Amino acid sequence: MSTGRDPGLQPERTRLAWRRTLLTVTVVTVLAVRLASTGDPTGALIAGGTVLVWGALLVLCWPRGTGTGPARTGGRTLPLVTVGTVVLALLGVLLVLRGLG
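Each value, and the rule that gives it
Residues numbered from 1 in each chain as written. Predicted model: local features only at pLDDT ≥ 70, side-chain atom pairs only at ≥ 80, totals over all residues. Heavy atoms only, no water. Helix = DSSP H or I, 4+ residues; strand = E, 2+ residues; numbered from the N terminus. Expected span 1.5 Å × (residues − 1). Buried < 20%, exposed > 50% of the residue type's maximum accessible area, 1.4 Å probe, protein only. Patch = residues over 30% accessible without salt bridge, like charges linked within 9 Å, V, L, I, M, F, W, Y side chains within 5 Å. Areas by Shrake-Rupley, 256 points an atom, 1.4 Å probe, with all protein chains shown as cover. Salt bridge = Lys/Arg side-chain N within 4 Å of Asp/Glu carboxyl O.

Peer 1: Explanation requested: helix α2 (residues 41–66) in the structure shown.
Peer 2: Here α2 contains 26 residues, and its C-alpha end-to-end distance of 36 Å stays within 8% of the 38 Å for a straight helix at 1.5 Å per residue. Of the positions making up α2, those classed as buried are G43, I46, A47, G49, T50, V53, L57, L60, C61, P63 and G65. The positive-phi residue at the C-terminal boundary of α2 is G67, with phi of around 70 degrees.

Peer 1: How should a nonpolar patch on the surface be read in this particular structure?
Peer 2: On the surface, L23, V27 and L31 cluster together into a nonpolar patch covering about 280 Å² of accessible area. Among the structural elements, L23 can be located in helix α1 (residues 10–36). Look at L23 and you get exposed, because its relative accessible area is 56%.

Rendered as structure tokens:
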């Protein structure tokens, strides 16, 4: 009798969840850059910040989403992704406020 744990489909579900996270962040980034590309410096700063956050989240999520190895953050991936998501939300609010003003 084996004493090891059978992970079942849990690793696949985890990889799929990280892939969905990456896809969502990519779509949000593309939309934010499209909305911010009006030619003014504020829009360029917001677009640049969005792309930087997207790049950081890509580096964090890629190993988990592809199953190519352990996360390089020593167990801090989820809090860092949360911070990145909050920053994207704040950049989105700035983008909306810029459009309203």
